[in-house]
Amino acid sequence: MKFPLAIVFVALFVAAVGHTARADQKLADFQRVVIADQSNHVERAAADELSHYAGKVVGRELPIVVWSDLTTDAPGLSFFVGIDVAEKVLQKPLGTWSDEEYLLRSTQRGLLLAGDDDGGDPWSLRTSAGSMLAVYTLLDDHLGVHWFWPGPFGEHVPSRPDAVIPTLDVRQRPAFEIRSFELGYTRYHTQEFADSARRWARRARLGWVRSAVFGHSWYDAFNFRNDQSFREHPEWFALVDGKRRPPQMCTTNPAVIERMVEYVLEGKLDIMNISPSDGGGFCECENCRKLDVPGLLSYDNKTVQLSDRIFTYANEIARRVREQNSNRGVGMFAYTYYNRPPVKIERLEPNLYLSFVYQSAAHRNPQNLTEWREAVAGWQKLGAKMVVREGWGNHYYHDLPMVHDEQIIANLAEAKRLGFVAAYGEASKSFATQAPNYWALSRMMWDPTQDTARVMPEFYRSAYGPAAEPMEKFFATYRQSLDANWSALAKHVDTTGVAYANIIGVWRKLIPVAVVDEAEKHLQRAAELAPPGEYADRVAFHRFGQDYTRLMLELLELYRQLAALGVKLDFFSTIDKTTRDDPAERERLLKRAFELGERREEMLLAHRDWAGPDEGLYAFTVERDTRRWHKTVKDELKIDRPSRLAKGTLPTR
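Computed from a predicted model, the values in this text were never measured in an experiment.

## Re the overall build of the chain
Stage number 1. When helices and strands are tallied, the chain shows 23 helices and 18 strands.
Stage number 2. Its C-alpha atoms give the chain a radius of gyration of 28 Å, near enough to 26 Å, the size a compact globule of 653 residues would have.
Stage number 3. Referenced to the eigenvectors of the C-alpha coordinate spread, the extents of the chain come out at roughly 100 × 65 × 45 Å.
Stage number 4. Taken over 653 residues, the chain has a buried fraction of 56%.
Stage number 5. A total accessible area of about 27,800 Å² is found for the chain, and carbon and sulfur atoms account for 50% of it.
Stage number 6. Separation between the mean location of the 83 positive side-chain charges and that of the 88 negative ones in the chain comes to 1 Å.

## Notes on the side chain of Arg-105
Stage number 1. Counting through the fold element by element, Arg-105 comes out in strand 5 (residues 102-107).
Stage number 2. Accessibility expressed as a relative area gives 16% for Arg-105, which makes it buried.

## With respect to helix 13 (residues 431-446)
Stage number 1. In a regular helix each residue adds 1.5 Å, so 16 residues correspond to 22 Å; helix 13 covers only 19 Å between its end C-alpha atoms and thus falls short of that length.
Stage number 2. The buried fraction of helix 13 amounts to 16 of the 16 residues, a majority that puts the element mostly inside the structure.

## Observations concerning empty space enclosed by the protein
Stage number 1. Within this structure, the stated rule accounts for three cavities of 30 Å³ or more.
Stage number 2. Volume-wise, the largest cavity comes out at about 40 Å³.
Stage number 3. What lines the largest cavity is simply Glu-177, Ile-178, Arg-210, Ala-212, Phe-214, Ile-271, Tyr-353, Val-387, Val-421 and Ala-422.
Stage number 4. Residues that form the lining of the largest cavity fall into these classes: eight nonpolar, no polar and two charged.

## Considerations on unusual backbone geometry
Stage number 1. For the peptide bond that leads from Pro-246 to Pro-247, omega is 10 degrees, which places it in the cis range.
Stage number 2. Structurally, Pro-247 can be placed in strand 13 (residues 243-249).
Stage number 3. The residue Glu-100 is not glycine, and still its phi comes out positive at about 65 degrees.
Stage number 4. Locating Glu-100 in the fold gives a position in the loop between helix 3 (83-90) and strand 5.
Stage number 5. The phi angle at Thr-336 is positive, at roughly 35 degrees, despite the residue not being glycine.
Stage number 6. Among the structural elements, Thr-336 can be located in the loop between strand 15 (329-334) and strand 16 (352-358).
Stage number 7. Under the relative-accessibility criterion, Thr-336 is labelled partly exposed at 21%.

## Concerning the pattern of salt bridges
Stage number 1. Applying the stated criterion to the full structure yields 49 salt bridges.
Stage number 2. A salt bridge links Arg-588 to Glu-585, with the shortest nitrogen-to-oxygen separation between them at 3.0 Å. Pair noted here: Arg-588 and Glu-585 are both in helix 21 (residues 583-606), with a separation of three residues, about one helical turn.
Stage number 3. In this structure, Glu-595 engages Arg-592 in a salt bridge whose closest nitrogen and oxygen atoms are separated by 3.0 Å. Separated by three residues within a single helix, Glu-595 and Arg-592 lie in helix 21, roughly one turn from each other.
Stage number 4. Linked by salt bridges that have partners in common, Asp-517, Glu-520, Arg-543, Asp-547 and Arg-550 make up one network.

## What to know about the sheet that holds strand 11 (residues 179-183)
Stage number 1. A sheet is described by the order of its strands in space; here six strands give the open sequence 11-18-17-16-15-14, paired in parallel fashion. Taken across any chain shown, the strands that pair with only one partner, and hence form the sheet edges, are strand 11 and strand 14 (271-273). Sheet twist, expressed as the mean angle between neighbouring strand axes with direction ignored, is 25 degrees.
Stage number 2. Sheet topology places strand 14 next to strand 15; three bridges connect them, and they run parallel. Bridge assignment links Met-272 to a residue of strand 15, and that residue is Val-330.
Stage number 3. Across the sheet, helix 10 (residues 307-324) lies against strand 15 and strand 16, angled at about 170 degrees from strand 15, the strand it touches most.
Stage number 4. Helix 11 (residues 366-381) rests against strand 15, strand 16 and strand 17 (385-391) of the sheet, and its axis sits at about 170 degrees to strand 16.

## Describing the nonpolar core
Stage number 1. Phe-79, Phe-311 and Trp-379 are the most contacted members of the largest nonpolar core, which has 200 residues in total.
Stage number 2. Top contributing element to this core by residue count: helix 19 (residues 534-564), with 14 residues.
Stage number 3. Apart from the residues lying within four places of it in its own chain, the contact partners of Phe-311 are Met-332, Phe-333, Ala-334, Tyr-338, Pro-342, Ile-345, Leu-348, Leu-352, Leu-354 and Trp-379.
Stage number 4. Grouped together as the second largest cluster of nonpolar side chains are 13 residues, Ala-36, Leu-103, Leu-112 and Ala-114 included.

## What to know about the packing of aromatic side chains
Stage number 1. The tally for this structure, following the rule as stated, stands at 46 aromatic pairs.
Stage number 2. One residue, Arg-364, lies across the ring of Trp-486, its end atom 5.5 Å from the ring centre.
Stage number 3. Here Lys-385 stacks its cationic end above the ring of Tyr-353, 5.7 Å away from the centre of that ring.

Thresholds, definitions, all that
Residue positions within a chain follow its written sequence, with the count starting from 1. Owing to the predicted nature of the model, reporting of local features is limited to residues with pLDDT of at least 70; listing and counting of side-chain atom pairs is limited to 80 or more, with chain, interface and lining totals taken over all residues. The basis for every side-chain value is the complete set of non-hydrogen atoms in the structure, without hydrogens or water. Here a strand is any run of E in DSSP of at least two residues, a helix any run of H or I of at least four, and the numbering for each starts at the N terminus. What the globule rule says is 2.2 Å times the number of residues to the power 0.38, and the radius of gyration is computed from C-alpha atoms. Type-normalised accessible area, obtained with a 1.4 Å probe on protein chains alone, sets the label of each residue: buried when under 20%, exposed when over 50%, and partly exposed for intermediate values. Surface exposure here means Shrake-Rupley accessible area, sampled with a 1.4 Å probe, where a residue is shielded only by the protein chains that are shown. Note on charges: Lys and Arg go in the positive column, Asp and Glu in the negative column, and His and the chain ends are not counted at all. A charged residue contributes its charge at one atom only: NZ of Lys, CZ of Arg, CG of Asp or CD of Glu. Here the expected span of a helix is defined as 1.5 Å times the quantity of residues minus one. Residues are called lining when one of their atoms sits within 4 Å of a cavity or pocket point, these points coming from a 1 Å grid over the protein atoms alone, where a cavity is a set in which a 1.4 Å probe fits but cannot get out and a pocket is an open set with protein on both sides within 12 Å along at least five of seven lines. Grid points are joined across faces, edges and corners, and a volume is the space filled by probe spheres set on the points. Under the scheme applied, nonpolar residues are Ala, Val, Leu, Ile, Met, Phe, Trp, Tyr, Cys and Pro; charged residues are Asp, Glu, Lys and Arg; polar residues are all the others, including Gly. Here, a salt bridge means any Lys or Arg side-chain nitrogen found within 4 Å of an Asp or Glu carboxyl oxygen. Strand pairing follows a simple DSSP-based rule, namely that at least 2 bridges must link the two strands. Throughout, an axis means a line fitted to C-alpha atoms (over the contacting stretch in the case of helices), and angles, computed between N-to-C directions, take values from 0 to 180 degrees. Any two residues whose heavy atoms approach within 4.5 Å are treated as being in contact. In these notes, a set of buried Ala, Val, Leu, Ile, Met, Phe, Trp, Tyr and Cys residues joined through side-chain atoms within 4.5 Å is what counts as a nonpolar core. Pairing of aromatic side chains here covers Phe, Tyr and the six-membered ring of Trp, requires ring centres within 6.5 Å, and sorts the geometry by plane angle: under 30 degrees stacked, over 60 edge-to-face, intermediate tilted. Over a ring means this: the NZ of a Lys or the CZ of an Arg is within 6 Å of the ring centre and within 35 degrees of the ring normal.

Laid out in structure tokens, this is it:
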């Protein structure tokens, strides 16, 4: 058969320049990873990861070679990593790249994996590492390599010598500009865990390349490290009960506005924070109060809503900043007393980024979900650029199995549909008790538009193998208990959200003893089914989390009962002031609480390199002398024994 000359020429051209391949490619046909002769740190790290993990999948070594050593008659296919070699294969430039943009493109010569790489530390989420994102997309989405949590037992690499790579032609940016969650109280963690956490976060395709901060700002802006600002300018600070005092500022004082504009313009980040200090104590001066809407209450249905005064302040700063630097943004919390949209403000400035604080765990309550949607709609009417700021596993949950993967998945999918541009927040180190949450979180941060029905089945199948069914039932037991008992939350704070005062005293109602026993049966069944190796190791990892759960649930209930018997325990004594007198019972419970408190410290110290219960959460309370429950128990029993997690005895980074 003869072909027209034009068709022959086109076929030769496609073969010569390595145009997009039309057929799927067998992993076994790939013989090497190719990088540029002068590759940067990110490209080399991407090549190392691809060589190591793809080699383990196929069952043989995949050497890394530089472009100049690649011969024209080299057999088999190649992985080409980095923009430089990708452009050499294509024989054309790939144009400009956006932050974190990445490319996977099949060609006749193999697969191109490239992206926006700024050449910095490849394991820092601040580094744009498009080539690494491309590599992990191949490994995770197409070859089944998964990283469930940092450190031991968290990695799964299947043996798949017959794996097939589909024809790929993808060039895009991540769906969320920021994808990040902090794993607890990081400054108390071991260096080994910190290093493994950095690598896990990169492999989970998290990132915070956009230089932005949204948090509390006044500590730095007004130098709360000493009281010089307060001595020299008390009028800048909030008027409370007739006296000026920190940590809040008077947001209608012109000098405060001027200082915050300077603070933003002097900052080195694209988006600088201007949020008030944490907690209460807001200004009661006439100018501030007249901006509030009479009778309009905030989330607790007790305190006046401060949104109009706080966002008048924020809008004015944003406007002045934009007039002087159109590229500079300002980051602002929508939080506690100013979480709901203002009433008298018609539009928010276009350079104002709204970090919307909430907890999707509370969406178990349909009213809370409705309130969230209404608040989002209200903010969007003002033109707000919305950012998810969540507390997926913060200290409220005490590393207990607050399993709410379903709420996380639904919320991030909806947030993306509603136009949220980024997602970040607080989580816990304890994957031992909350692993489904963080799998759901990392997967949805990366691709909030995916088929959500497939997210969790993949986790259980790949993480637990033959023990997948009982492990899914194990976590489902806790999730279903929380679903069924959510209405047991106390009402010390009148909110549908998760308030610390509302949850701390009711854990035994949320997760009764019978629920822990039912979960235990599933965990034991998983241990029977899991073969030695990675699956058995993961089940044993959750055994540690289960033992900690049982201990903590009993301990928190003991603290609640002791408070009722007159022992002054932080939070427990303030949320319920009803007491009874029973000295014998008091003594018995104190001794049991002491025993469990000591065991808790032992457990927190036992496996610090694991992604288990966070020793930092405990050490922080010891250092700050807050939630001093175990110390109070020791004092009551006249036991002079310092905490083993106290500052100076717990090695920190």
